[in-house]
Amino acid sequence: MDAVVELDRAPAPGALYRRAALGMLRGGRGGALPDTTVVLRDVAVSRERLTRYDDVCGFRLSDTLPGTYPHILAFPLAMRLMSDDSFPFGVVGLVHVANRVEVLRPIGADERLDLSVHATDLRRHPRGRQFDVIADATVDGQRVWRGVSTYLRREKTAEPGDAGGRGERDRSQPPAATAMWRVEREVGRRYAEVSGDRNPIHTSRLGARAFGFPRPIAHGMWSAARCLAALEGRLPDAYTMDVAFKLPILLPATVAFSATPGEGGWAVSLYSAKSGKPHLSGVIG
């Protein structure tokens, strides 16, 4: 029987990361994903937090939530789920490889949301195993938004000749740039403060080095939000954003953004302005 964990408030980020750190010490536990849904009801949007989010991600100030904003409202619930003892993997070290956002209608900043999060579809991957964390936002019982975050647990199970995951490299030439963006070092800290995602790989040189990065890296969801912000005013009321995260953005950096309209929506990509190596690719529309 599926279990429902009803929260009376959003978990504190500090406590969640302490739990996550303990999970890293325990290591992988294996097994199946828990049949657990974490729920938080009657969530109000802080205008001050929304303003800071808009600023760091490049959105215009509006009374309508950016399509990526419910992700940060649901993120503490996802952390609560993945840091629980019943979860088969320690959350620290998981790689966020893709994200899908479905905006079913515009969401007003004054609307109150019911949020629910669960994990599903544990499956093999050439570099280990991956699964989806699904977050839903409803208003008066009607779903208005869904986010699907795909995570990879790296394991020593790769088959010969099958790179997969982070080993994949796009050898094609990048598309022509629509814009060039300078991503300052402070982006990691600023996005961490407003999103609650305080993974030290984004905010600390020592934390980044502990996981093999020479300096802090930008959040994947910051890069997705920044691409979405570049298309403001050119999307319908209901749309989908489907992106894959490639190589990390080492901070600071200069990145190139490309957006090309097509039948399925805007094909978007984000890549290094210096080397042309990809950071993000996907479709929004």
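Residues numbered from 1 in each chain as written. Predicted model: local features only at pLDDT ≥ 70, side-chain atom pairs only at ≥ 80, totals over all residues. Heavy atoms only, no water.

On to the overall build of the protein chain. Scanning the protein chain from terminus to terminus reveals 6 helices and 11 strands. Each of the 285 residues in the protein chain was classed as buried or not, and the buried ones make up 48%. When contacts within the protein chain are restricted to residue pairs at least 6 apart in sequence, those whose partners lie at least 24 apart make up 71%. (Helix = DSSP H or I, 4+ residues; strand = E, 2+ residues; numbered from the N terminus. Buried < 20%, exposed > 50% of the residue type's maximum accessible area, 1.4 Å probe, protein only. Contact = heavy atoms within 4.5 Å.)

Turning our attention to the confidence of the model for the protein chain. Here the protein chain shows a mean pLDDT of 91. Residues at 70 or above account for 89%. Within the model, pLDDT remains below 50 along residues 160–168, and this stretch shows 15 contacts once partners closer than five positions in the same chain are excluded. (pLDDT = per-residue confidence, 0-100.)

Turning to its location among the elements, Glu-111 is positioned in the loop between strand 3 (95–103) and strand 4 (113–125). For Glu-111, the side chain forms a polar contact with the main-chain nitrogen of Gly-108, separated by 2.8 Å. Among residues more than four places away in sequence, those in contact with Glu-111 are Val-43, Arg-105, Pro-106 and Val-139. (Polar contact = N/O pair within 3.5 Å; in protein donor to acceptor, adjacent residues only side chain to side chain.)

Right, let's talk about the nonpolar core for a bit. Core analysis: the biggest nonpolar cluster contains 73 residues, and Tyr-53, Met-82, Leu-113, Phe-131 and Tyr-191 have the highest contact counts within it. Per-element tally for this core: the top contributor is helix 3 (residues 69–82), with 10 residues. Once residues within four sequence positions are removed from consideration, Leu-113 is found in contact with Leu-40, Arg-41, Asp-42, Val-43, Leu-65, Leu-73, Ile-107, Ala-137, Thr-138, Val-139 and Val-144. (Core = buried A, V, L, I, M, F, W, Y, C linked by side-chain atoms within 4.5 Å.)

Another point: the packing of aromatic side chains. A full pass over the atoms with the stated rule returns 8 aromatic pairs. Seen from their ring centres, Trp-181 and Phe-257 are 4.7 Å apart, and the 15° between their planes marks the pair as stacked. On the criterion of sequence distance, the pair formed by Trp-181 in strand 7 (residues 179–183) and Phe-257 in strand 9 (residues 253–262) is long-range, its members being 76 residues apart. Judged by its relative accessible area of 11%, Trp-181 is buried. By relative accessible area, which is 2% here, Phe-257 ends up buried. Among the aromatic residues, ring-to-ring pairing joins Tyr-53, Phe-59, Tyr-69 and Tyr-191 into one connected group. When the ring centre of Trp-181 is taken as origin, the NZ or CZ atom of Arg-226, which lies over that ring, is 4.0 Å away. The ring of Trp-266 carries the charged tip of Arg-234 above its face, separated from the ring centre by 5.0 Å. (Phe/Tyr/Trp six-rings, centres within 6.5 Å; stacked < 30°, edge-to-face > 60°. Lys NZ or Arg CZ within 6 Å of the ring centre and 35° of its normal.)

Packed helices, taken two at a time, are described by their axes: the angle between them and the distance between them. With their axes 9 Å apart at the nearest point, helix 2 (residues 47–57) and helix 4 (residues 186–195) run at an angle of 155° to one another. Considering the angle they form, helix 2 stands roughly antiparallel to helix 4. Considering the relative orientation of helix 2 and helix 4, their crossing is left-handed. Counted together, Arg-49, Arg-52, Tyr-53, Asp-55, Val-56 and Cys-57 of helix 2 and Val-187, Arg-190, Tyr-191, Glu-193, Val-194 and Ser-195 of helix 4 form the full contact between these two elements. Within the contact of helix 2 with helix 4, the residues separate by chemical class into 6 nonpolar, 1 polar and 5 charged. (Axes fitted to C-alpha atoms, helices over the stretch in contact; angles between N-to-C directions. Parallel < 35°, antiparallel > 145°, perpendicular 65-115°, else oblique. Left-handed = near helix turned anticlockwise from the far one by under 90°. Nonpolar A, V, L, I, M, F, W, Y, C, P; charged D, E, K, R; others polar.)

Our focus in this paragraph is helix 6 (residues 220–229). Buried residues dominate helix 6, accounting for 9 of its 10 residues. Buried within helix 6 are the following residues: Met-221, Trp-222, Ser-223, Ala-224, Ala-225, Arg-226, Cys-227, Leu-228 and Ala-229.

Another aspect to go through is the environment of Ala-119. You can see Ala-119 is positioned in strand 4. A residue is classified by how much of its surface remains accessible, and Ala-119, at 10% relative accessible area, is buried. With sequence-adjacent residues up to four places away left out, Ala-119 is seen in contact with Leu-33, Pro-34, Leu-81, Phe-87, Asp-132 and Val-133.

Turning next to the pattern of salt bridges. Applying the stated rule across the entire model yields 18 salt bridges. In this structure, Asp-84 and Arg-80 form a salt bridge, with 3.3 Å as the shortest nitrogen-oxygen distance. A relative accessible area of 19% places Arg-80 in the buried class. Of the charged contacts in the structure, one is a salt bridge between Glu-111 and Arg-105, with a shortest N-O distance of 2.9 Å. You can call Glu-111 buried: its relative accessible area is 19%. The partly exposed category is assigned to Arg-105, whose relative accessible area is 29%. What emerges from the salt-bridge pattern is a single network uniting Arg-100, Glu-102 and Asp-242. (Salt bridge = Lys/Arg side-chain N within 4 Å of Asp/Glu carboxyl O.)

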